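# Results of the structural survey
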Amino acid sequence: MTSGATRRDLLLGGLALSLAIPLGSRVARADPAPASYQAALAAARGQTVYFNAWGGDQRINDYIAWAGSEVAARFGVTVQHVKLTDTAEAVTRVLAGKIAGQGDGGGVDLIWINGENFAAMKKQGLLFGPIIQLLPNMKFVDPTTKPTVLSDFTVPTDGYESPWGMAQLVFFHDTARLPQPPRSLPALRDWAKANPGRFTYPAPPDFIGSTILKQFLLSLSPDRTPFDQPLDAARFDTVTTPLWDYLSDLTPHLWRQGKSYPTSSTALRQLLGDGEIDISMAFNPGDASSAIAQGLLPETVRSFVLDGGTIGNTHFVAIPFNANAKAGAVVLADFLLSLEAQSRKENAAIWGDPTVLEMNLLGTDERRMFDDLPKGIATLSPHELGPVLPEPHPSWMVALEARWTQLYGQ
């Protein structure tokens, strides 16, 4: 399990704290947005942007360091990567600032965010913006082909998030040990029973662990419509019974008999690389290829997906309402959308995270920046990735994590 409070603890604890503070002590509105990108560019020079982002993968950390060096050289903006183990840590700090009446000068300038953390910040009025109309590189993003760039776990972004990358759940197997992986949940259960200890997943609320719960739930549910709406607590037990029945059958056959779990997707990938398990997973179709390129996984690893589709979404960056360096955060968010930054991010040898940009909006030479990228030997084509399952409303994720922790948490 992760150390300290879970994401659910942090979010619910912050909400309880906010309810205990008199409304008159809250800050009602953020500072006005810069009038234009050019105004932000002028004001940003000399600012330091504290970019709060998950720090659990060295490849991503290196990419953020590169982006910071580029923004410093081009625009005179210093970027400090505040490495998080859980995004809710930053959300709680922003909420605490609002409760304390700190309407400006906050210590969180930009957050890598999506899902229930975004929903919580939006509901509590903790976001600065809308911002996307300030970002020139948004002209290369097309919500008609990628609708999730404007909707985060069914919650409209309303321009308060800037898209950064696309994601879809994929699984990995080492062909040297497992030539043909199971491609359905019944097949996975049967394979796990025949090969005890060779499968596991990160402990929720790790993002991948929570995503596995949602994937299993969607795959096992004959009717997915309840998950498009906020959680109906009265129906929770009924509609999630297939998930808990499945986990009850599967868990005794997991790695360490399901008595402990990897703490993160990084730890899970290491188990695959060390030969302790045969199947791993990530929320990035290029993750296996990138890991192979960096010597983190053997060259015999390949990607696969479940029949019927896997969960996909967009991940974003957002600016808190009381950010100290709002202009610098706007400049950094726009740079992260640039052709150079997006193509570097998609490079399997660097990160392998799919771009949010629409190739049909690019010129011939601009498209070539992406067409010529090494895709990696373990990266599935868009056709092979199959259908994308939409994320449930974020309230389901919080409830699933809580029930899983009650049943299986250590």
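Only a predicted model underlies this, so the values are computations on that prediction, with no experimental measurement involved.

## A word on the packing of aromatic side chains
Under the criterion given, the structure shown has 17 aromatic pairs. Arranged with centres 5.4 Å apart and planes meeting at 80°, the rings of Trp164 and Trp351 form a pair that is edge-to-face. On the criterion of sequence distance, the pair formed by Trp164 in strand 6 (residues 162-168) and Trp351 in the loop between helix 12 (339-346) and helix 13 (364-371) is long-range, its members being 187 residues apart. Trp164 sits in the buried class, given a relative accessible area of 1%. On the basis of an interplanar angle of 75° and a centroid distance of 5.4 Å, the ring pair of Phe216 and Tyr246 is categorised as edge-to-face. Here the residue Phe216 occupies a position in helix 7 (residues 207-220), and Tyr246 occupies one in helix 8 (residues 233-250), the gap between them amounting to 30 residues. The two residues Phe216 and Tyr246 agree in class, both being buried. Three or more aromatic residues joined by ring pairs form one cluster here, namely Phe51, Tyr63, Trp66, Trp112, Trp164, Phe335 and Trp351. Between Lys326 and the ring centre of Phe128, over which it is positioned, the NZ or CZ distance is 5.4 Å. Above the plane of the ring of Trp351 lies Lys345, whose end atom (NZ or CZ) is 5.8 Å from the centre.

## Observations concerning the pairing of strand 8 (residues 279-282)
Here strand 8 shows no split at all, with Ile279 and Met281 on one side and Ser280 and Ala282 on the other all buried. Two elements, strand 7 (residues 170-174) and strand 8, share 4 bridges in a ladder whose sense is antiparallel. Residue pairing across strands places Phe172 opposite Ser280, the latter belonging to strand 8.

## So, the domain arrangement of the protein chain
According to the domain assignment, the protein chain contains domain 1 (28-165 + 314-379) and domain 2 (170-313 + 386-408). In this complex, domain 1 contributes 28 residues to the contact, which on the side of domain 2 involves 31 residues. Three residues stand out in domain 1 for area buried against domain 2, namely Arg59, Phe153 and Ala378, and they jointly supply 33% of the buried area on that side. The tally of links from domain 1 across to domain 2 stands at 2 salt bridges. Its salt-bridge partner being Arg269, residue Asp57 comes within 3.4 Å of it at the nearest N-O pair. Run the count over domain 1 and domain 2 and you get 11 residue pairs in polar contact (both at pLDDT 80 or more). Of all the secondary-structure elements, those providing two or more residues to the side of domain 1 that touches domain 2 are helix 5 (116-123) and strand 10 (310-318). Counted by class, the side of domain 1 that touches domain 2 contains 11 nonpolar, 11 polar and 6 charged residues.

## Looking at the pattern of salt bridges
This structure, assessed with the given rule, holds 19 salt bridges. The shortest N-O distance in the salt bridge between Asp104 and Lys326 comes to 3.4 Å. Of this pair, Asp104 sits in the loop between helix 4 (88-99) and strand 3 (110-113) while Lys326 sits in helix 11 (residues 326-336); the two residues are 222 residues apart in sequence, bridging distant segments of the chain. In this structure, Lys214 engages Glu391 in a salt bridge whose closest nitrogen and oxygen atoms are separated by 2.6 Å. Of the two residues, Lys214 sits in helix 7 while Glu391 sits in the loop between strand 11 (388-389) and helix 15 (394-408), which places them 177 residues apart along the sequence.

## Some thoughts on helix 6 (residues 185-194)
Side chains that are three or four residues apart share a direction in an α-helix, a result of its 3.6 residues per turn. Buried within helix 6 are the following residues: Leu185, Leu188, Trp191 and Ala192. One face of helix 6 carries all of its buried residues, which in axial projection span an arc of 120°. Buried residues in helix 6 make contact with helix 7, helix 8 and strand 8.

## Regarding the packing of helix 8 against helix 15
Look at helix 8 against helix 15: their axes get within 12 Å of each other, and the N-to-C directions meet at 45°. It follows that helix 8 is oblique to helix 15 by the angle criterion. For the element pair helix 8 and helix 15, the recorded crossing hand is right-handed. Across the interface between the two elements, Phe236, Asp237, Val239, Thr240, Leu243, Trp244, Leu247 and Ser248 from helix 8 touch Trp396, Ala399, Leu400, Arg403, Trp404, Leu407 and Tyr408 from helix 15.

## Things to note about helix 5
Inspection of helix 5 places Glu116, Asn117, Phe118 and Met121 among the buried residues, and these make up the whole buried set. Of the residues trailing helix 5, Gly125 is marked for its positive phi of about 70°.

## Observations regarding the packing of helix 3 (residues 58-75) against helix 12
Running from N to C, helix 3 and helix 12 point in directions that differ by 165°, and their axes come no closer than 11 Å. Regarding the angle of helix 3 to helix 12, the classification is roughly antiparallel. As for how helix 3 packs across helix 12, the hand of that crossing is right-handed. Of the residues in helix 12, those touching helix 3 at Tyr63, Trp66, Glu70 and Arg74 are Glu340, Ala341, Gln342, Arg344 and Lys345. The residue makeup of the contact of helix 3 with helix 12, split by class, is 3 nonpolar, 1 polar and 5 charged.

## Quick notes on the nonpolar core
Counting 56 residues, the largest nonpolar core has Phe199, Tyr201, Phe216, Leu247, Met281 and Trp404 as its most contacted members. Looking at which element gives the most residues to this core, the answer is helix 8, with 7 residues.

## Comments concerning the sheet that holds strand 8
Strand pairing in a sheet takes place through backbone hydrogen bonds and is either antiparallel or parallel in direction. Taken together, 3 strands build an open sheet; the order of strands is 8-7-9 and the sheet is antiparallel. Each of the sheet's edge strands pairs with one partner strand only, and the pair in question is strand 8 and strand 9 (301-304). Across the sheet, the mean angle separating the axes of adjacent strands is 30° when strand polarity is ignored. Its contacts with the sheet place helix 9 (residues 265-273) against strand 7, strand 8 and strand 9, and it is angled at close to 150° to strand 8.

Criteria and cut-off values
Residues numbered from 1 in each chain as written. Predicted model: local features only at pLDDT ≥ 70, side-chain atom pairs only at ≥ 80, totals over all residues. Heavy atoms only, no water. Phe/Tyr/Trp six-rings, centres within 6.5 Å; stacked < 30°, edge-to-face > 60°. Helix = DSSP H or I, 4+ residues; strand = E, 2+ residues; numbered from the N terminus. Buried < 20%, exposed > 50% of the residue type's maximum accessible area, 1.4 Å probe, protein only. Lys NZ or Arg CZ within 6 Å of the ring centre and 35° of its normal. Pairing = 2+ DSSP bridges. Domains from an automatic or database assignment. Contact = heavy atoms within 4.5 Å. Buried area = accessible area lost by both parts, 1.4 Å probe. Salt bridge = Lys/Arg side-chain N within 4 Å of Asp/Glu carboxyl O. Polar contact = N/O pair within 3.5 Å; in protein donor to acceptor, adjacent residues only side chain to side chain. Nonpolar A, V, L, I, M, F, W, Y, C, P; charged D, E, K, R; others polar. Arc of directions from axis to C-beta. Axes fitted to C-alpha atoms, helices over the stretch in contact; angles between N-to-C directions. Parallel < 35°, antiparallel > 145°, perpendicular 65-115°, else oblique. Left-handed = near helix turned anticlockwise from the far one by under 90°. Core = buried A, V, L, I, M, F, W, Y, C linked by side-chain atoms within 4.5 Å.

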